[in-house]
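# Structural description and commentary
Residue-level listing of the chains:
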Amino acid sequence: MRPFSYERPRTLAAAIRILEATGTAATALAGGTDLIIDLRDGSVRPDVVVDLKGIDEIEAGIREEGDRLVIGARAVMEDIAADPRVRRDFIALAEAAAVVGSVQIRNRATLAGNICNASPAADTTPALLVYGAQVVAVGSGGGRRISIDDFLIGPGVTALAPGELVAGIELPLPTQRRGAVHVRRTRRRGHDLASVTLACAVFEGGSVRLAYGSVGPRPWLVTDDSGVLADPAASAEAWTAILEPLLAAASPSPRSMRAGPEYRLAMLRVLARRALDVANRRLTNGATA
Amino acid sequence: MTDLSPIQVIVNGRVRAVRVTPHHTLLEFLRDDLGLTGSKECCLVGECGACTVLLDGRSVDSCLVLAVEADGGEVTTVEGIAAEGRLTLVQQAFLDHGAAQCGFCIPGQIVSAHALLAANAHPTRADVEEGLAGNLCRCAGYEQIIEAVLAAAGRYAAASADHGTAARARAAGSPDPAVRLDPAATPDARLAPQ
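Just so we're clear, the structure is a prediction, and the values are computed from it rather than from any experiment.

## As for the overall build of chain B
Of regular secondary structure, chain B possesses six helices and five strands. Each helix and strand of chain B, placed in order from N terminus to C terminus, yields the pattern β-β-α-β-β-β-α-α-α-α-α.

Set out below in structure tokens:
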């Protein structure tokens, strides 16, 4: 690994100061499960690595604040997947966090790191899109909220400005009953990156939010208010007529080694139907997630 | 750029106060500085789990943790799992079930199995498969490994029904009585590179 110096600031202000002073030569470190691989293969070559785990203002916990659930930027996947409030109100996020990497990875990897890494195949981003998550970014000019849809720009690219950090991720608490789920397709069971990753929520009013990833440069959110997809008795043809335009944004890369574009597009349609089935069933069974 | 960073880490119950280069991983520190070569270097991308150790009681791939990040923490490697020369029930079950073939992945498998049983005293087969999904075995000895972990869980349950010892140890956050760290552990100046 190429040498670098290591800073472990105690305050957010100190971290931002280092990042601003060092510019592109500094890299923020949270869980490290992506970054350390990049440091080793030389694809990221910082002079300074700024470890955020010594900063008390960046929380490792999950808490309710008013009408939102706030997931601290140091919260790791294993804790998010097991959190009773996440499981009750944001089951698709819990399910997505539970399939990231392996236990060893989930004990280190953070949700904030997952979105900052901005992999098109990230498992948590479809659920965050479905739930309308807001990213809390902090820089020398203060804090701002960025919708996850605006935050994710392209592979490895986010709306975060130089010197800005993610302090947390906010999820609006549900205001109406809904059923939700995360599903994905991988090459092998267990530990693998997704060939298709998808989350959806069906609301009691009949509207649907659906987001899919690993089939384009960034995950894609679509909504439908026709009520057809919330009707389990609707015909397969009726679902197809609604679903096809919703899934039209998928454009899988032909260069990916995990799966070919034809397979991904076919599986996207299978997963969308399966997810809608499960979400509808969960809604019927009285879930709020 | 290559300044040494002072860190203090408890490794297998001993305090190690050392200076490390920031770009060295916890795995390199354990193997190269401390000579604890039970943790294996293999894929270096967090897929194989051969380098699995417990960091503050949680299983991690030590190839994906910088040594400096472990400052102030507590590390248990496979060398620290057994105590006083006695195998843990997990280790004995691996022997009994022929779970170790070439042996390369076994340190990581053992550490992951302990972490799993610490978190879940009564795992199902699916729980074991998921709990050990981050540990690859290229001999493909998965069946014997899964059986060994399930058998060890059963023996812990029986032991705890008899004495309550394992249950108390698990409640205290330790996988089993043998991996509890000695609270009286003192710095080992002889082994700590300064």
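## Thoughts on the interface of chain B and chain A
How big an interface is tends to be stated in terms of the accessible area lost upon association of its parts. Contacts between the two partners involve 27 residues from chain B, matched on the other side by 22 residues from chain A. Those elements that provide at least two residues to the side of chain B that touches chain A are β4 (58-61) and α3 (106-119) of chain B. The element best represented in the side of chain B that touches chain A is β4(B), accounting for four residues.

## Observations concerning the packing of helix α2 (residues 89-96) of chain B against α3(B)
All names here are of chain B. It is the contact of α2 with α3, at a shortest axis distance of 10 Å, that shows an interaxial angle of 130°. Relative to α3, the element α2 is oriented oblique. Crossing handedness for the pair α2 and α3: right-handed. Contacts between α2 and α3 pair V90, Q91 and F94 from the former with I106, I110, A113, H114 and L117 from the latter. For the contact of α2 with α3, the residue count by class is six nonpolar, two polar and no charged.

## Notes on the nonpolar core
Residue and element names in this part refer to chain A. Core analysis: the biggest nonpolar cluster contains 143 residues, and A92, L93, I115, V130 and C200 have the highest contact counts within it. If you tally residues by element for this core, the top one is helix α11 (residues 261-284), at nine residues. Each residue touching I115, except ones within four places of it in the same chain, is listed here: A122, T125, L128, V135, I148, F151 and L152.

## Thoughts on the domain arrangement of chain A
With domains assigned, chain A is organised as domain 1 (5-54), domain 2 (62-172) and domain 3 (178-284). Once you take the C-alpha centre of each, domain 1 of chain A and domain 3 of chain A turn out to be 35 Å apart.

## Observations concerning the pairing of strand β7 (residues 142-147) of chain A
All names here are of chain A. Pairing geometry for strand β6 (residues 134-139) and β7, over six bridges, is antiparallel. Paired with G139 across the bridge in β7 is G142. Adjacent in sequence and paired antiparallel, β6 and β7 are bridged by two residues.

## Some points on the sheet that holds strand β3 (residues 48-51) of chain A
All names here are of chain A. Taking strand neighbours across the sheet as the criterion, the three strands line up as β1-β3-β2 in an open arrangement whose pairing is parallel. Two strands bound the open sheet, and with one partner strand each, they are β1 (5-7) and β2 (26-29). Averaged over neighbouring strand pairs, the angle between their axes works out to 25° when direction is ignored. When β2 meets β3, the two strands line up parallel, connected through four bridges. Each bridged residue has a counterpart across the sheet, and for A26 the counterpart in β3 is V48. Across the face of the sheet, helix α1 (residues 12-22) comes into contact with β1, β2 and β3 while running at roughly 160° to β3.

## Some thoughts on α11(A)
Residues and elements named next belong to chain A. Between its first and last C-alpha, α11 extends 34 Å over 24 residues, near the 34 Å set by a 1.5 Å rise per residue. Those residues of α11 that are buried are in contact with β11 (178-185), β12 (196-203), β13 (208-213) and α10 (236-246). Looking one or two residues beyond α11, the residue adopting positive phi is G286, at roughly 90°.

## Here's the deal with the pairing of strand β10 (residues 165-172) of chain A
All names here are of chain A. In terms of residue burial, β10 counts as a mostly covered element, since seven of its eight residues are buried. The pairing of strand β5 (residues 68-72) with β10 spans five bridges and is classified as antiparallel. Following the sheet pairing, G72 is matched in β10 by G168.

## A few points about the environment of G72(A)
Residues and elements named next belong to chain A. Counting through the fold element by element, G72 comes out in strand β5. Each C-alpha atom, one on G72 and one on C116, is 14 Å from the other, the two residues being 44 residues apart in sequence. When residues no more than four places from it in sequence are discounted, the contact partners of G72 are I58, E59, A60, G61, I62 and G168.

## Focus on the sheet that holds β11(A)
Residue and element names in this part refer to chain A. What the four strands build is an open sheet, ordered β11-β12-β13-β14; its pairing is antiparallel. Of all the strands in the sheet, just β11 and β14 (220-224) have a single pairing partner and so form its edges. Looking at each pair of strands side by side, their axes are set apart by 15° on average, direction ignored. Sheet topology note: the β12/β13 ladder contains six bridges and is antiparallel. When the bridges of β13 are listed, L198 appears paired with Y212.

## Re the domain arrangement of chain B
Residues and elements named next belong to chain B. For chain B, the assigned domains are domain 1 (5-80) and domain 2 (89-179). The interface is formed by 17 residues belonging to domain 1 together with 13 residues belonging to domain 2. Counting only elements with at least two residues in the side of domain 1 that touches domain 2, the list comes to β3 (52-55) and β4. Counting residues per element, the side of domain 1 that touches domain 2 draws most heavily on β3, at three residues. The residue inventory of the side of domain 1 that touches domain 2, partitioned by class, reads six nonpolar, eight polar and three charged.

## Topic: unusual backbone geometry
Non-glycine residue S214(A) carries a positive phi angle of around 65°. Accessibility expressed as a C-beta count within 10 Å gives 30 for S214(A), which makes it buried.

## Considerations on the environment of S5(B)
Checked against the element boundaries, S5(B) lands in strand β1 (residues 5-11). Dropping the residues within four chain positions of it, S5(B) is found in contact with Y6(A), R19(B), V20(B), P22(B) and V68(B).

## Points about the confidence of the model for chain B
Residues and elements named next belong to chain B. Put simply, chain B has an average pLDDT of 87, and 82% of its residues get 70 or more. In the predicted structure, residues 170-194 sits below a pLDDT of 50 and forms 50 contacts with residues beyond four places in sequence or in another chain. In the model output, the complex is listed with pTM 0.91 alongside ipTM 0.94.

What counts and what doesn't
All residue numbers refer to position in the chain's written sequence, counted from 1. Going through the entries in the order they are written, you letter the chains from A and number the ligands from 1. Owing to the predicted nature of the model, reporting of local features is limited to residues with pLDDT of at least 70; listing and counting of side-chain atom pairs is limited to 80 or more, with chain, interface and lining totals taken over all residues. Put simply, DSSP H or I for four residues or longer makes a helix, DSSP E for two residues or longer makes a strand, and each gets a number counted from the N terminus. Residue pairs qualify as contacts under a 7 Å threshold applied to their C-beta atoms, which are placed from the backbone. In this description, a line fitted to the C-alpha atoms serves as the axis of each element, helices being fitted only across the stretch in contact, and the angle between N-to-C directions of two axes falls anywhere from 0 to 180 degrees. Reported orientations rely on four angle classes, namely roughly parallel under 35 degrees, roughly antiparallel over 145, roughly perpendicular from 65 to 115, and oblique for the rest. Crossings are assigned a handedness: left-handed for a near helix turned anticlockwise from the far helix by less than a right angle, right-handed for a clockwise turn. Only Asp, Glu, Lys and Arg are considered charged in this grouping, and only Ala, Val, Leu, Ile, Met, Phe, Trp, Tyr, Cys and Pro are considered nonpolar; every other residue, Gly among them, is considered polar. Note on terminology: a nonpolar core is any set of buried Ala, Val, Leu, Ile, Met, Phe, Trp, Tyr and Cys residues joined through C-beta atoms within 7 Å. With C-beta atoms placed from the backbone, a residue is buried if 20 or more other C-beta atoms are within 10 Å of its own, exposed if 12 or fewer are, and partly exposed between those counts. Residue ranges assigned to the domains are those given by an automatic or database domain assignment. In this analysis, strands are considered paired if DSSP registers two or more bridges between them. Multiplying 1.5 Å by the helix residue count minus one yields the expected span of that helix. Every residue is assigned a pLDDT by the predictor, reflecting its confidence on a scale from 0 to 100.

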